[in-house]
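Structural characterization, general
Here's the letter readout for the chains.
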Amino acid sequence: LTDNGVAEEGRFGVMTRPMQLAKGKNVEGAQWTGVVTGIAVSMLESGMVDAVVCIASNDDDGNDNNWSNPQPILARTVDDVLKGRGVKPALAPSLAVLDELKDSNIKKL
């Protein structure tokens, strides 16, 4: 509860203990420190997940620097995850890639 007795769940969701994340080593090309990208890479490399849903910034020429054309991808490799680095202030149909799971061997997402 806040000082005036209002529950914060509406703003932050239900949480046991909030924490701030900081990363000692930045991810090259990330918007800020690359904490989320680093977590995704770590989980992929450790085998905790088989793939990660990321939002890549692709333009029509295949360049990955256009945030205004966000493309959801199913990242199976570290290089794929790195395509999703950086903030993209745009809507993206991230659940659309779940259709790819039907014909794959991905069990942990």
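Structural data are supplied above this passage.
Small disclaimer: the values here were computed from a predicted structure and weren't measured.

The biggest cluster of nonpolar side chains holds 10 residues, and these are Ala 40, Val 41, Leu 44, Val 49, Val 52, Cys 54, Ala 56, Ile 73, Ala 75 and Val 81. Those residues within four positions of Ala 75 in sequence are excluded, and the remaining contacts are Leu 44, Asp 50, Ala 51, Val 52, Cys 54, Asp 80 and Val 81.

Turning our attention to the environment of Val 49. By secondary structure assignment, the location of Val 49 is in the loop between helix H2 (35-46) and strand S1 (52-57). Val 49 sits in the buried class, given a relative accessible area of 8%. Along the backbone, Val 49 and Lys 107 are 58 residues apart, and their C-alpha atoms lie at a distance of 7.9 Å.

A few words on a nonpolar patch on the surface. Taken together, the side chains of Val 53, Leu 95, Leu 98 and Leu 109 present a nonpolar region at the surface, about 350 Å² in accessible area. Mapped onto the fold, Val 53 is located in strand S1.

The rules behind the values
- Every chain is numbered on its own, with residues counted from 1 as its sequence reads.
- Local features are withheld for residues below a pLDDT of 70 in this predicted model, meaning they are given only at 70 or higher, and side-chain atom pairs are given and counted only at 80 or more; totals for whole chains, interfaces and linings count all residues.
- In computing side-chain values, all of the structure's heavy atoms are included and hydrogens and water are not.
- Only buried residues count toward a nonpolar core, which is a set of Ala, Val, Leu, Ile, Met, Phe, Trp, Tyr and Cys residues joined through side-chain atoms within 4.5 Å.
- Exposure is judged per residue with a 1.4 Å probe applied to protein chains only, and the accessible area is read against the type maximum: over 50% gives exposed, under 20% gives buried, and values in between give partly exposed.
- The contact definition used throughout considers only heavy atoms, calling two residues in contact when any of these lie within 4.5 Å.
- Strands are runs of DSSP state E lasting at least two residues, helices are runs of H or I lasting at least four, and both sets are numbered from the N terminus onward.
- Here a patch means residues that are over 30% exposed by relative accessible area and free of salt bridges, tied together within 9 Å if like-charged and within 5 Å if nonpolar (Val, Leu, Ile, Met, Phe, Trp, Tyr).
- Computed by Shrake-Rupley with a 1.4 Å probe, the accessible areas treat only the displayed protein chains as cover when residues are assessed.
- Salt bridges, as used here, are contacts in which a Lys or Arg side-chain nitrogen is within 4 Å of a carboxyl oxygen on Asp or Glu.

In short, shape yes, function no, at least from these values alone.
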